[in-house]
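Structural features, examined
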Amino acid sequence: MTDENRIGELVADLREGGMEVRRAATDELGASGEAAIEPLLAVMREGDNDVRWYAARALVRIGEPAVEPLLQAMHAGEDRDFRRYAMAALAGIGEPAVEPLIAVIEEGDPDLQPFAAMALCKIGEPAIDPILRLMHHPDPAMQERAALLLWKMGEPGAEALTAALETGWAGKR
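Procedures and definitions
Residues numbered from 1 in each chain as written. Predicted model: local features only at pLDDT ≥ 70, side-chain atom pairs only at ≥ 80, totals over all residues. Heavy atoms only, no water. Salt bridge = Lys/Arg side-chain N within 4 Å of Asp/Glu carboxyl O. Helix = DSSP H or I, 4+ residues; strand = E, 2+ residues; numbered from the N terminus. Buried < 20%, exposed > 50% of the residue type's maximum accessible area, 1.4 Å probe, protein only. Expected span 1.5 Å × (residues − 1). Arc of directions from axis to C-beta. pLDDT = per-residue confidence, 0-100. Phe/Tyr/Trp six-rings, centres within 6.5 Å; stacked < 30°, edge-to-face > 60°. Contact = heavy atoms within 4.5 Å.

Here we come to the pattern of salt bridges. Taken as a whole and judged by the stated rule, the model has eight salt bridges. With its nearest N and O atoms 2.3 Å apart, the salt bridge here joins Glu-46 to Arg-15. Of this pair, Glu-46 sits in helix H3 (residues 37-46) while Arg-15 sits in helix H1 (residues 4-16); the two residues are 31 residues apart in sequence, bridging distant segments of the chain. For Glu-46, a relative accessible area of 55% puts it in the exposed group. Among the ionic contacts, a cluster of salt bridges with common partners joins Arg-6, Glu-9 and Glu-28.

With that out of the way, let us pick up H1. Along its 13 residues, H1 runs 18 Å from first to last C-alpha, staying within 8% of the 18 Å computed at 1.5 Å per residue. The set of residues buried in H1 consists of Ile-7, Leu-10, Val-11 and Leu-14. Down the axis of H1, the smallest arc covering the buried residues is 100 degrees, so these residues share one side. Away from its buried face, by an angle of more than 90 degrees, H1 presents the exposed residues Asn-5 and Glu-16.

Parts of the prediction with low pLDDT should not have their coordinates interpreted in detail. Scored by pLDDT, the protein comes out at a mean of 91, with 96% of its residues at no less than 70. When mean pLDDT is taken per element in the protein, helix H4 (residues 49-62) scores highest with 96 and helix H11 (residues 155-166) scores lowest with 88.

On to the packing of aromatic side chains. For the structure on display, the rule yields one aromatic pair. Between the aromatic rings of Trp-53 and Tyr-54, the centroid separation amounts to 5.0 Å while the plane-to-plane angle is 85 degrees, which identifies the pairing as edge-to-face. Judged by relative accessible area, Trp-53 falls into the partly exposed class, the value being 43%.

Attention shifts here to the environment of Ile-105. Locating Ile-105 in the fold gives a position in helix H7 (residues 98-107). Classification of Ile-105 by relative accessible area gives buried; the value is 1%. Linking Ile-105 and Ala-158, residues 53 residues apart in sequence, is a C-alpha distance of 19 Å. Here Ile-105 is in contact with Gln-113, Ala-116, Ala-117, Leu-120, Leu-134, Met-142, Arg-145 and Leu-149, once residues within four sequence places are set aside.

What follows is the structure, encoded as structure tokens:
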């Protein structure tokens, strides 16, 4: 666990350091765990896109504990670049982010859904079964959204979509 002063120094390295300094700071911040989440989110909110990229990489290294704070920050802010990097971090975290991302799709927030969809497509196979669940949603628009997500995912999603369509998935449980 890294203390607050060191986390502050590492965040400053993300903002101002050269590539090697930023990479080292990213690794150390990622290893710092939950204590680094809020400072990383803060730098993502105000930093340029290079800084956001390094901060997102550190959040990926932190993993599951960063999922909910990332989603809360996305709900609270409207900066598209921030949201893009936050979703990239969620995609990098992978399977632990799937159910929270599915919840974003189900909420129907038109500002966040495209980002959640992109992250789910990038996560790939671990997202297939939860997306297939959406194909049984009572709302036909949600069913179509789920089918489109599977199609956009590429081969693994397309295979699952084809199998679901062949079994007559629409609106059935």
